Amino acid sequence: FAFWSKNSLWILPVRGGTPRKIVDSMPIISIPLFWLNETTLVGSQGNSGTLVKMNTESGGITPLLPVEELFEGPQVSISLDRSNNLLTFIIMNELNIDKISTYVLDIESGQVSHLIDGAIATFLSPEHMMLQRNSGITASGFDFDQISLTGKEIGIKERGLTDYFIYIDVSNTNNLTYVSS
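Cut-off values and rules
Residues numbered from 1 in each chain as written. Predicted model: local features only at pLDDT ≥ 70, side-chain atom pairs only at ≥ 80, totals over all residues. Heavy atoms only, no water. Pairing = 2+ DSSP bridges. Helix = DSSP H or I, 4+ residues; strand = E, 2+ residues; numbered from the N terminus. Core = buried A, V, L, I, M, F, W, Y, C linked by side-chain atoms within 4.5 Å. Buried < 20%, exposed > 50% of the residue type's maximum accessible area, 1.4 Å probe, protein only. pLDDT = per-residue confidence, 0-100. Salt bridge = Lys/Arg side-chain N within 4 Å of Asp/Glu carboxyl O. Axes fitted to C-alpha atoms, helices over the stretch in contact; angles between N-to-C directions. Polar contact = N/O pair within 3.5 Å; in protein donor to acceptor, adjacent residues only side chain to side chain.

J.: How do you make sense of the pairing of strand β12 (residues 120-125) when you look at a structure like this?
T.: Consecutive residues of a regular strand have side chains that alternate between opposite faces of the sheet. Direction of pairing for β12 relative to strand β13 (residues 128-133): antiparallel, over a ladder of five bridges. For Ile120, the partnering residue across the bridge sits in β13 and is Gln132. The hairpin formed by β12 and β13 contains two residues between the paired strands.

J.: Explanation requested: the nonpolar core in the structure shown.
T.: Across soluble globular proteins, nonpolar side chains have a tendency to be buried as a group. Within the largest apolar cluster, 14 residues are counted, with the highest numbers of intra-cluster contacts made by Val42, Leu87, Phe89, Leu105 and Ile107. Sorting the residues of this core by element identifies β4 (30-37), β9 (86-91) and β10 (101-106) as the ones contributing at least two each. Considering every element that reaches this core, the biggest residue donor is β9, with three residues. Membership of the second largest hydrophobic core comes to eleven residues, among which are Leu86, Ala121, Met129 and Phe142.

J.: So what exactly am I meant to see when it comes to the confidence of the model for the chain here?
T.: Low pLDDT marks regions whose predicted coordinates should not be analysed in detail. The predicted model of the chain averages 77 in pLDDT, with 75% of residues at 70 or higher. Within the chain, strand β11 (residues 112-117) carries the highest mean pLDDT (90), whereas strand β16 (residues 165-170) carries the lowest (63).

J.: Got a minute to help me understand the pattern of salt bridges in this structure?
T.: Side-chain pairs of opposite charge can arise where the charged atoms are in close proximity. Per the counting criterion, the structure on display carries one salt bridge. Put simply, Arg133 and Glu153 hold a salt bridge, and the shortest N to O gap is 2.6 Å. Pair noted here: Arg133 is in strand β13 and Glu153 is in strand β15 (residues 148-158), with a separation of 20 residues, a long-range link.

J.: Explanation requested: the sheet that holds strand β3 (residues 20-23) in the structure shown.
T.: In a beta sheet, neighbouring strands pair by backbone hydrogen bonds and run either parallel or antiparallel. Spatially, three strands are ordered β1-β2-β3 in an open sheet, and the strand pairing comes out antiparallel. Each having just a single partner strand, β1 (2-5) and β3 make up the two edges of the open sheet. Across the sheet, the mean angle from the axis of one strand to that of its neighbour is 40°, orientation sign disregarded. Where β1 meets strand β2 (residues 8-11), four bridges bridge the pair, whose relative direction is antiparallel. What sits directly across from Trp4, in β2, is Leu9.

J.: Mind showing me how you'd approach the environment of Leu176 here?
T.: Looking at where Leu176 falls in the secondary structure, it is placed in strand β17 (residues 176-180). According to the relative accessible area criterion, Leu176 is partly exposed, its value standing at 31%. For the pair Leu176 and Lys157, spaced 19 residues apart in sequence, the C-alpha separation works out to 9.7 Å.

J.: So what exactly am I meant to see when it comes to the sheet that holds strand β14 (residues 136-143) here?
T.: Taken in spatial order, the four strands make up an open sheet running β12-β13-β14-β15, and their pairing is antiparallel. Each edge of the sheet is formed by a strand with only one pairing partner; in this case those strands are β12 and β15. Geometrically, the sheet is characterised by an average inter-axis angle of 30° between neighbouring strands, direction not taken into account.

J.: Where do I start with the environment of Ser109 in this structure?
T.: In this structure, Ser109 sits in the loop between β10 and β11. Of the residues examined, Ser109 reaches a relative accessible area of 52% and is grouped as exposed. Separated by 45 residues in sequence, Ser109 and Leu64 have C-alpha atoms that sit 9.7 Å apart. Within the local environment of Ser109, its side chain forms a polar contact with the backbone nitrogen of Gln111, the two atoms lying 3.1 Å apart.

The following block contains the structure:
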């Protein structure tokens, strides 16, 4: 379990024990953070918005994208498909969701693929994506081999006039959790 407290990143074994400090200053990595494996977290680095991975044993941070793949604007990590080592991220130049693009990063190869414009895509499973748009939340099929959306989108939650979904996630038992403004 990783958490921020007193401007430091800590980890605590789920089985219990004493929390261990990993880094002293915040924000080294911004929320959300994702566990890639037992010793590696992935996320966006502070205000620069560079996608990085962090070794929780050494505290070492390395970029996930080669320099030639850097984008104009902060990169914000959105979701991780651990079974295929794929990370969805957006380029956050504006708060207007219509102007946001979602990309998929293959963490092992460093390959970046454009997925969709005007939506924030989150992995539901290796075969499905959840899409956040101005109109609400939908689900779509996902082709891992082609890194593309497939099939017709299915409505999950319509957006109210004042809703903006700040954070959305789905549990392993398909329960939707979201925070709206």
